[in-house]
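Listed here are the chains, written in short residue letters.
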Amino acid sequence: IFKVPSQDFIKPANILIKVDFPLPFGPNKPWILPFLIFISKLIDGSFPDYKRVIPNKGPYELSARKETFKQALSSVSILANEQYNGVLFELKESNPEMVLQTYNPEQEVAHAKIPVDYAGKDVKIGFNIRYLNEILGVLPEDDFKLTLENEQGSALIQQDADTSTQYVVMPIRI
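Source: prediction; values computed, not measured.

Under the counting rule described, the total for this entry stands at six salt bridges. The partner of Asp142 in a salt bridge is Arg65, with the nearest N and O atoms 2.9 Å apart. Placement of the pair is Asp142 in the loop between helix 4 (129-138) and strand 9 (143-148) and Arg65 in strand 3 (residues 60-65), with a sequence separation of 77 residues. Owing to a relative accessible area of 43%, Arg65 belongs among the partly exposed residues under this scheme. When the shortest N-O distance is used, the salt bridge between Asp143 and Arg65 registers 2.6 Å. Linking Asp143 in strand 9 with Arg65 in strand 3, this pair joins segments that are 78 residues apart in sequence.

For the largest pocket, the calculated volume is near 370 Å³. Among the residues forming the lining of the largest pocket, the class breakdown is five nonpolar, one polar and no charged.

Here we take up the sheet that holds strand 11 (residues 167-169). Ordered by their spatial adjacency, five strands build an open sheet running 7-3-9-10-11, and the pairing between neighbours is antiparallel. Here the strands that pair on one side only, and so sit at the sheet edges, are strand 7 (117-119) and strand 11. Taken pair by pair, the neighbouring strands of this sheet meet at an average axis angle of 20 degrees, ignoring direction. In the sheet, strand 10 (residues 155-158) pairs with strand 11 via three bridges, with the strands oriented antiparallel. Opposite Leu156, over in strand 11, you have Val168 as the bridge partner. Along the sheet face, helix 3 (residues 66-77) touches strand 3 and strand 9 and points at about 95 degrees away from the line of strand 3. Sitting on the sheet, helix 4 touches strand 9, strand 10 and strand 11, and the angle it makes with strand 11 is about 170 degrees.

As a further point, take helix 3. With 12 residues, helix 3 ought to run about 16 Å at 1.5 Å a step, and its terminal C-alpha atoms sit 16 Å apart, in line with that. At its buried positions, helix 3 is contacted by strand 3, strand 4 (86-91), strand 5 (97-103), strand 6 (109-115), helix 4 and strand 9.

Rules and cut-offs
- For every chain, the first residue of the written sequence is number 1, and numbering continues from 1 onward in sequence order.
- Owing to the predicted nature of the model, reporting of local features is limited to residues with pLDDT of at least 70; listing and counting of side-chain atom pairs is limited to 80 or more, with chain, interface and lining totals taken over all residues.
- Computation of side-chain values covers all heavy atoms of the structure but excludes hydrogens and water.
- We count a salt bridge whenever a side-chain nitrogen from Lys or Arg sits within 4 Å of a carboxyl oxygen from Asp or Glu.
- Helix and strand definitions follow DSSP, with helices as H or I runs of at least four residues and strands as E runs of at least two, each counted in order from the N terminus.
- Whether a residue is buried, partly exposed or exposed follows from its accessible area with a 1.4 Å probe, protein chains only, as a fraction of its type maximum: under 20%, in between, or over 50%, in that order.
- Note on definitions: the grid is 1 Å and covers protein atoms alone; a cavity is a set of points where a 1.4 Å probe fits but cannot get out; a pocket is an open set with protein on both sides within 12 Å along at least five of seven lines; lining residues have an atom within 4 Å of a point.
- Grid points are joined across faces, edges and corners, and a volume is the space filled by probe spheres set on the points.
- Polar here means any residue other than Ala, Val, Leu, Ile, Met, Phe, Trp, Tyr, Cys and Pro, which are nonpolar, and Asp, Glu, Lys and Arg, which are charged; Gly is therefore polar.
- Strands were regarded as paired on the criterion that DSSP finds at least two bridges between them.
- Lines fitted to C-alpha atoms define the axes here, with helix axes fitted over just the stretch in contact, and angles between the N-to-C directions of these axes take values from 0 to 180 degrees.
- Residue contacts are counted whenever heavy atoms from the two residues lie within 4.5 Å of one another.
- A helix is expected to span 1.5 Å multiplied by its residue count minus one.

Purely geometric stuff here, so don't read any function into it on its own.
Here is the structure:
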């Protein structure tokens, strides 16, 4: 398994989509093309077991629409604290909507509500808006599922059409 930082791979990957010949891949092997030289270094070290970070099916699971969720994040991000850029999700067992809230140092608050299908207990949890937007930006389908294993754990974002692709976002304190 090679871990390549996404920022190092996005631009070359867009170029390489059009390339129709084999490329060398391995630790410290450069890709030399007529129009591009791409070098990535293998970082030697111990990495945590990624399977422990990916949440299992938990008692908190919601389904939502990507575009509706992105619009709500965009509207509340205006008042988000610039240092943390956090949004607080509030989900209630008896209510089919999610409340998104952001706060800033001037004690201003922004709220947005979106319809969701939610199965779980009442929960409040915070996430970084930028990380959520990055994930939502690469989801090909409009419907997605967000699963929490517990009230302070990471969130697993998947689509019903492609369960092999998993996105994990860690919570933050707000």
